[in-house]
Amino acid sequence: AVISLNRQGEDELAELRASLLEARQEKLVSMTQGLVEVMTNTESREEAIEIVKNYRYETDGSGYFWIQDMGRPFPSMVMHPTSPQLDGTVLDSPSYNRAMGKNQNLFQAAVDVAQANGAGFVDYEWTKPGEPEDLLFDKISYVTTMEKWGWVVGSGLYIDDIDAVIA
(Lines give C-alpha, C1' and ligand atoms only; values in the text may rest on other atoms or scores of the structure.)
Protein backbone atom coordinates (compact mmCIF):
# COMPACT_ATOMS: atom_id res chain seq x y z
CA ALA A 1 0.00 0.00 0.00
CA VAL A 2 2.87 2.36 0.83
CA ILE A 3 4.55 1.65 -2.52
CA SER A 4 1.24 2.30 -4.30
CA LEU A 5 0.81 5.63 -2.52
CA ASN A 6 4.40 6.57 -3.29
CA ARG A 7 3.89 5.83 -7.00
CA GLN A 8 0.64 7.78 -7.01
CA GLY A 9 2.42 10.75 -5.42
CA GLU A 10 5.24 10.55 -7.97
CA ASP A 11 2.70 10.43 -10.81
CA GLU A 12 0.87 13.46 -9.42
CA LEU A 13 4.12 15.41 -9.12
CA ALA A 14 5.06 14.49 -12.70
CA GLU A 15 1.64 15.70 -13.87
CA LEU A 16 2.04 18.95 -11.93
CA ARG A 17 5.50 19.53 -13.42
CA ALA A 18 4.19 18.84 -16.93
CA SER A 19 1.28 21.24 -16.46
CA LEU A 20 3.52 24.02 -15.08
CA LEU A 21 5.94 23.53 -17.98
CA GLU A 22 3.06 23.56 -20.47
CA ALA A 23 1.83 26.87 -19.03
CA ARG A 24 5.30 28.38 -19.62
CA GLN A 25 5.37 27.02 -23.15
CA GLU A 26 1.92 28.45 -23.91
CA LYS A 27 3.00 31.84 -22.59
CA LEU A 28 6.13 31.83 -24.78
CA VAL A 29 4.16 30.84 -27.89
CA SER A 30 1.49 33.49 -27.27
CA MET A 31 3.96 36.32 -26.58
CA THR A 32 6.16 35.40 -29.56
CA GLN A 33 3.30 35.06 -32.02
CA GLY A 34 1.92 38.43 -30.93
CA LEU A 35 5.28 40.12 -31.37
CA VAL A 36 5.93 38.55 -34.78
CA GLU A 37 2.51 39.77 -35.92
CA VAL A 38 3.51 43.32 -34.96
CA MET A 39 6.93 42.89 -36.66
CA THR A 40 5.29 41.67 -39.87
CA ASN A 41 3.53 45.02 -40.21
CA THR A 42 6.69 47.11 -39.80
CA GLU A 43 8.18 49.05 -42.69
CA SER A 44 11.84 48.33 -42.07
CA ARG A 45 14.30 46.02 -40.34
CA GLU A 46 15.36 48.91 -38.11
CA GLU A 47 11.79 49.55 -36.98
CA ALA A 48 11.31 45.84 -36.23
CA ILE A 49 14.56 45.74 -34.23
CA GLU A 50 13.51 48.76 -32.16
CA ILE A 51 10.14 47.19 -31.37
CA VAL A 52 11.77 43.94 -30.26
CA LYS A 53 14.51 45.72 -28.29
CA ASN A 54 11.95 47.56 -26.17
CA TYR A 55 9.27 44.87 -25.80
CA ARG A 56 8.93 43.20 -22.37
CA TYR A 57 6.20 40.89 -21.14
CA GLU A 58 7.22 40.24 -17.52
CA THR A 59 6.66 42.95 -14.92
CA ASP A 60 10.29 42.64 -13.76
CA GLY A 61 11.55 43.23 -17.32
CA SER A 62 12.86 39.69 -17.69
CA GLY A 63 10.54 38.68 -20.54
CA TYR A 64 12.51 39.84 -23.57
CA PHE A 65 13.17 38.69 -27.13
CA TRP A 66 16.31 38.39 -29.19
CA ILE A 67 16.83 38.29 -32.94
CA GLN A 68 19.47 36.17 -34.65
CA ASP A 69 20.08 35.35 -38.27
CA MET A 70 20.07 31.85 -39.78
CA GLY A 71 23.77 31.82 -40.67
CA ARG A 72 25.69 28.57 -41.03
CA PRO A 73 27.70 27.03 -39.56
CA PHE A 74 26.98 29.57 -36.79
CA PRO A 75 24.32 32.28 -36.75
CA SER A 76 25.03 35.90 -35.81
CA MET A 77 23.15 37.95 -33.25
CA VAL A 78 21.09 40.69 -34.88
CA MET A 79 19.92 42.18 -31.55
CA HIS A 80 19.96 41.10 -27.92
CA PRO A 81 18.39 43.69 -25.59
CA THR A 82 20.12 42.58 -22.38
CA SER A 83 23.48 41.66 -23.94
CA PRO A 84 24.00 44.35 -26.61
CA GLN A 85 27.70 43.42 -26.81
CA LEU A 86 26.54 40.35 -28.77
CA ASP A 87 24.88 42.41 -31.51
CA GLY A 88 26.58 41.69 -34.83
CA THR A 89 28.76 38.88 -33.46
CA VAL A 90 29.00 35.33 -34.77
CA LEU A 91 27.65 33.05 -32.04
CA ASP A 92 30.37 30.41 -32.24
CA SER A 93 31.73 30.41 -28.68
CA PRO A 94 32.00 26.95 -27.07
CA SER A 95 30.27 28.55 -24.05
CA TYR A 96 27.03 28.40 -26.08
CA ASN A 97 27.19 24.59 -26.31
CA ARG A 98 24.41 24.32 -23.77
CA ALA A 99 21.44 22.92 -25.68
CA MET A 100 20.21 20.20 -23.33
CA GLY A 101 21.00 16.64 -24.20
CA LYS A 102 23.04 17.56 -27.27
CA ASN A 103 26.07 19.63 -26.21
CA GLN A 104 25.05 21.67 -29.25
CA ASN A 105 25.33 25.41 -29.72
CA LEU A 106 21.96 26.68 -28.50
CA PHE A 107 21.78 29.30 -31.27
CA GLN A 108 22.44 26.61 -33.90
CA ALA A 109 19.72 24.52 -32.24
CA ALA A 110 17.35 27.50 -32.56
CA VAL A 111 18.07 27.72 -36.31
CA ASP A 112 17.61 23.93 -36.69
CA VAL A 113 14.23 23.99 -34.92
CA ALA A 114 13.01 27.11 -36.74
CA GLN A 115 14.06 25.86 -40.17
CA ALA A 116 12.70 22.34 -39.65
CA ASN A 117 9.33 23.31 -38.20
CA GLY A 118 8.92 27.06 -38.66
CA ALA A 119 8.91 27.34 -34.86
CA GLY A 120 9.56 25.27 -31.76
CA PHE A 121 11.22 24.90 -28.38
CA VAL A 122 14.88 24.75 -27.41
CA ASP A 123 15.92 23.65 -23.92
CA TYR A 124 19.27 24.79 -22.59
CA GLU A 125 21.16 26.09 -19.59
CA TRP A 126 21.85 29.80 -19.13
CA THR A 127 23.09 32.24 -16.53
CA LYS A 128 20.73 34.48 -14.58
CA PRO A 129 21.27 38.21 -14.13
CA GLY A 130 22.82 38.89 -10.74
CA GLU A 131 24.10 35.32 -10.35
CA PRO A 132 27.71 34.11 -10.82
CA GLU A 133 28.54 33.55 -14.52
CA ASP A 134 29.44 29.89 -13.89
CA LEU A 135 26.07 29.11 -12.29
CA LEU A 136 23.67 27.77 -14.93
CA PHE A 137 19.89 27.39 -14.76
CA ASP A 138 17.46 25.40 -16.89
CA LYS A 139 15.70 27.54 -19.45
CA ILE A 140 13.27 26.91 -22.30
CA SER A 141 12.94 29.15 -25.33
CA TYR A 142 10.43 29.35 -28.10
CA VAL A 143 11.87 30.36 -31.46
CA THR A 144 10.18 31.16 -34.74
CA THR A 145 11.24 32.29 -38.18
CA MET A 146 10.74 35.82 -39.39
CA GLU A 147 10.88 34.98 -43.08
CA LYS A 148 10.58 38.59 -44.15
CA TRP A 149 14.19 39.25 -43.06
CA GLY A 150 15.64 35.76 -42.64
CA TRP A 151 15.66 35.96 -38.85
CA VAL A 152 14.98 33.69 -35.94
CA VAL A 153 13.12 35.50 -33.14
CA GLY A 154 13.13 33.92 -29.72
CA SER A 155 12.32 34.36 -26.07
CA GLY A 156 12.97 32.17 -23.07
CA LEU A 157 11.83 31.61 -19.53
CA TYR A 158 13.71 29.93 -16.72
CA ILE A 159 12.19 26.69 -15.52
CA ASP A 160 14.38 25.91 -12.49
CA ASP A 161 11.64 27.27 -10.21
CA ILE A 162 9.28 24.56 -11.45
CA ASP A 163 11.62 21.89 -10.11
CA ALA A 164 11.93 23.84 -6.85
CA VAL A 165 8.13 23.78 -6.48
CA ILE A 166 8.04 20.02 -7.18
CA ALA A 167 10.85 19.35 -4.67
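Our structure's up above, just so we're on the same page.
Residues numbered from 1 in each chain as written. Predicted model: local features only at pLDDT ≥ 70, side-chain atom pairs only at ≥ 80, totals over all residues. Heavy atoms only, no water.

### With respect to the overall build of the protein chain
Then step 1. Scanning the protein chain from terminus to terminus reveals 4 helices and 5 strands.
Then step 2. For the protein chain, the spread of C-alpha atoms along the three principal axes comes to 65 × 35 × 35 Å.
Then step 3. Within the protein chain, buried positions represent 40% of all 167 residues.
Then step 4. In the protein chain, the share of contacts with a sequence separation of at least 24, taken over all contacts with a separation of at least 6, comes to 51%.
Then step 5. For the protein chain, the computed accessible surface area is about 9,100 Å², with 51% contributed by carbon and sulfur atoms.
Then step 6. Of the side chains in the protein chain, 13 bear a positive and 27 a negative charge, and the two mean positions are spaced by 2 Å. (Helix = DSSP H or I, 4+ residues; strand = E, 2+ residues; numbered from the N terminus. Buried < 20%, exposed > 50% of the residue type's maximum accessible area, 1.4 Å probe, protein only. Contact = heavy atoms within 4.5 Å. Areas by Shrake-Rupley, 256 points an atom, 1.4 Å probe, with all protein chains shown as cover. Lys, Arg positive; Asp, Glu negative; His and termini not counted. Charge placed at Lys NZ, Arg CZ, Asp CG, Glu CD.)

### Considering empty space enclosed by the protein
Then step 1. Following the criterion strictly, the structure yields 1 cavity of 30 Å³ or more and no others.
Then step 2. Taken as a whole, the largest cavity encloses approximately 70 Å³ of empty space.
Then step 3. Forming the boundary of the largest cavity are Y64, W66, H80, L106, F107, Y124, W126 and K139.
Then step 4. Looking at the lining of the largest cavity, the elements with two or more residues in it are α3 (106–117) and β3 (119–126). (1 Å grid on protein atoms, 1.4 Å probe; cavity = no way out; pocket = protein on both sides within 12 Å on 5 of 7 lines; lining within 4 Å. Points joined across faces, edges and corners; volume = space filled by probe spheres on them.)

### Here we look at the packing of aromatic side chains
Then step 1. Counted according to the given criterion, the structure contains 10 aromatic pairs.
Then step 2. Between the aromatic rings of Y57 and F65, the centroid separation amounts to 5.5 Å while the plane-to-plane angle is 55°, which identifies the pairing as tilted. The burial state of Y57 is the same as that of F65; both residues are buried.
Then step 3. Connected via pairs of aromatic rings, a cluster forms that spans W66, Y96, F107, Y124 and W126.
Then step 4. The ring of Y158 carries the charged tip of K128 above its face, separated from the ring centre by 5.1 Å.
Then step 5. A cation over a ring is seen here: K139 above Y158, with NZ or CZ 4.5 Å from the ring centre. (Phe/Tyr/Trp six-rings, centres within 6.5 Å; stacked < 30°, edge-to-face > 60°. Lys NZ or Arg CZ within 6 Å of the ring centre and 35° of its normal.)

### Some words on the pattern of salt bridges
Then step 1. Across all of its chains, the model carries 6 salt bridges by this definition.
Then step 2. In this structure, D161 engages R24 in a salt bridge whose closest nitrogen and oxygen atoms are separated by 2.7 Å. With D161 in helix α4 (residues 160–166) and R24 in helix α1 (residues 2–40), the pair connects residues that are 137 residues apart, well separated along the chain.
Then step 3. On the basis of relative accessible area, R24 is assigned to the partly exposed category, the value being 21%.
Then step 4. With a shortest N-O distance of 3.6 Å, K53 and E50 are connected by a salt bridge. A residue pair is termed a helical-turn pair when its members lie 3 or 4 positions apart in one helix, as K53 and E50 do in helix α2 (residues 45–54) at 3 residues.
Then step 5. Since its relative accessible area comes to 40%, E50 is described here as partly exposed. (Salt bridge = Lys/Arg side-chain N within 4 Å of Asp/Glu carboxyl O.)

### Points about a negative patch on the surface
Then step 1. A grouping of E10, D11, E12 and E15 is seen on the molecular surface, where their side chains present a negatively charged patch.
Then step 2. Exposure remark for D11: the relative accessible area of 48% places this residue in the partly exposed category. (Patch = residues over 30% accessible without salt bridge, like charges linked within 9 Å, V, L, I, M, F, W, Y side chains within 5 Å.)

### Regarding the sheet that holds strand β5 (residues 151–158)
Then step 1. An order of β2-β1-β5-β4-β3 is seen for the 5 strands of this open sheet, with the pairing classed as antiparallel. Only two strands of the sheet have a single partner each, and these edge strands are β2 (77–79) and β3. In this sheet, adjacent strand axes meet at a mean angle of 35° when their direction is disregarded.
Then step 2. The pairing of β3 with strand β4 (residues 137–146) spans 8 bridges and is antiparallel. Note on β4: the bridge partner recorded for V122 is S141.
Then step 3. Lying on the sheet, α2 is in contact with β1 (66–69), β2 and β5; it crosses β2 at an angle near 75°. (Pairing = 2+ DSSP bridges. Axes fitted to C-alpha atoms, helices over the stretch in contact; angles between N-to-C directions.)

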